[in-house]
Each structure stands twice: as C-alpha cells, then as structure tokens.
Amino acid sequence: MTLIQLPSAAALTASDGTLCAMDKRSLQHIAGRFREAEQRTEILRQELAEAIRQADADGLVQKDICEVTGYTRQQVRRIVQAGNDDQADSSATA
C-alpha cells in the first residue's frame with residue numbers, strides 16, 4: 001500500500017484563511033474526507049436519536065434531554081414521536 005503525502009492543512013491555508021495551492025488531488029482528498037464525515041454524521045445522528053428515545057422511555061425529564069443535547073423541546077418531541085411511529089408501523093406489519 002502506498003501512502004500519499006498531502007500538504008498539511010497549514011500549507012493549504014493562507015494567513016487570511018483562504019485556501020491556496022489547491023490541485024485536483026488535494027481537492028479530491030478533501031472532498032473524500034467531507035463525504036466520510038457526512039456518513040459518520042448520519043450514523044451518529046441516528047445513534048443520538050435512539051439514545052434520546054431511550055432516555056425518554058427511561059423517564060429522563062425532557063428539560064434534561066434538551067440541556068444535554070442542545071435540542072429544543074420541539075426537536076426532542078419529534079424525535080421521540082418518530083420512534084413511536086416506527087414502532088407502531090412495525091407492530092402493525094408483524
């Protein structure tokens with residue numbers, strides 16, 4: 001396996017914060033990292049939603065869920081309700 005040595009992030013960033021020295025390979029590398037981060041974010045979003053539903057089922061106060069996650073009460077209600085709707089759908093088809 002051959003490792004590709006890319007310039008450091010500092011070498012790609014000018015003092016004003018703009019990117020410089022961007023070639024196709026560097027751009028491809030950064031775009032790939034971005035896509036990987038999107039995939040990880042989606043997995044973590046689903047894990048957090050499940051944890052919120054479990055906390056709700058375990059009786060954790062909604063105020064505390066909001067405080068810990070930074071979500072609004074409405075967001076927490078939607079996440080919990082979506083889980084309830086999924087369970088109702090799977091129960092109806094079983």
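Values in this document were obtained by computation on a predicted structure and should not be read as measured data.

Conventions used here
Residues numbered from 1 in each chain as written. Predicted model: local features only at pLDDT ≥ 70, side-chain atom pairs only at ≥ 80, totals over all residues. Heavy atoms only, no water. Helix = DSSP H or I, 4+ residues; strand = E, 2+ residues; numbered from the N terminus. Buried < 20%, exposed > 50% of the residue type's maximum accessible area, 1.4 Å probe, protein only. Contact = heavy atoms within 4.5 Å. Areas by Shrake-Rupley, 256 points an atom, 1.4 Å probe, with all protein chains shown as cover. Salt bridge = Lys/Arg side-chain N within 4 Å of Asp/Glu carboxyl O. Patch = residues over 30% accessible without salt bridge, like charges linked within 9 Å, V, L, I, M, F, W, Y side chains within 5 Å. Core = buried A, V, L, I, M, F, W, Y, C linked by side-chain atoms within 4.5 Å. Expected span 1.5 Å × (residues − 1). pLDDT = per-residue confidence, 0-100.

Thoughts on the overall build of the chain
No. 1: What the chain contains, in helices and strands, is four helices and zero strands.
No. 2: Counting from the amino terminus, the chain carries its helices and strands in the arrangement α-α-α-α.
No. 3: Relative to its 94 residues, the chain shows a buried fraction of 13%.
No. 4: The long-range share in the chain, meaning contacts at least 24 apart out of those at least 6 apart in sequence, stands at 20%.
No. 5: As displayed, the chain offers around 7600 Å² of accessible surface, 54% of which is attributable to carbon and sulfur atoms.

Here's the deal with the pattern of salt bridges
No. 1: Across all of its chains, the model carries three salt bridges by this definition.
No. 2: We note a salt bridge from Glu42 to Arg45, for which the minimum N-O separation is 2.7 Å. Of this pair, Glu42 and Arg45 are both found in helix α2 (residues 24-57), three residues apart, which corresponds to roughly one turn of the helix.
No. 3: We classify Glu42 as partly exposed; its relative accessible area is 34%.
No. 4: Assessed through its relative accessible area of 44%, Arg45 is described here as partly exposed.
No. 5: With a shortest N-O distance of 3.5 Å, Glu50 and Arg53 are connected by a salt bridge. Of this pair, Glu50 and Arg53 both sit in helix α2, three residues apart, roughly one helical turn.

Here's the deal with a nonpolar patch on the surface
No. 1: Taken together, the side chains of Met22, Leu27 and Ile30 define a hydrophobic patch exposed on the protein surface, amounting to about 230 Å² of accessible area.
No. 2: Here Ile30 shows up in helix α2.
No. 3: In this structure Ile30 comes out as partly exposed when scored by relative accessible area, which is 31%.

A closer look at the nonpolar core
No. 1: Residues Ala49, Ile52, Ala55, Ile65, Cys66, Val76, Ile79 and Val80 constitute the largest nonpolar core, which totals eight residues.
No. 2: Taken together, the elements giving at least two residues each to this core come down to α2, α3 (62-69) and α4 (73-93).
No. 3: Those residues in contact with Cys66 that lie beyond four places of it in its chain are Tyr71, Thr72, Arg73 and Val76.

With respect to α2
No. 1: Spanning 34 residues, α2 covers 49 Å between terminal C-alpha atoms, matching the ideal 50 Å at 1.5 Å per step.
No. 2: Buried residues of α2: Ser26, Gly32, Ala49, Ile52 and Ala55, and no others.
No. 3: Positive phi appears at Gly59, one or two residues downstream of α2, with a value of about 90°.

Quick word on the confidence of the model for the chain
No. 1: Residues of the chain with pLDDT of at least 70 account for 76%, and the chain-wide mean is 85.
No. 2: The spread of mean pLDDT over the elements of the chain runs between helix α1 (residues 9-12), the lowest at 54, and α3, the highest at 97.

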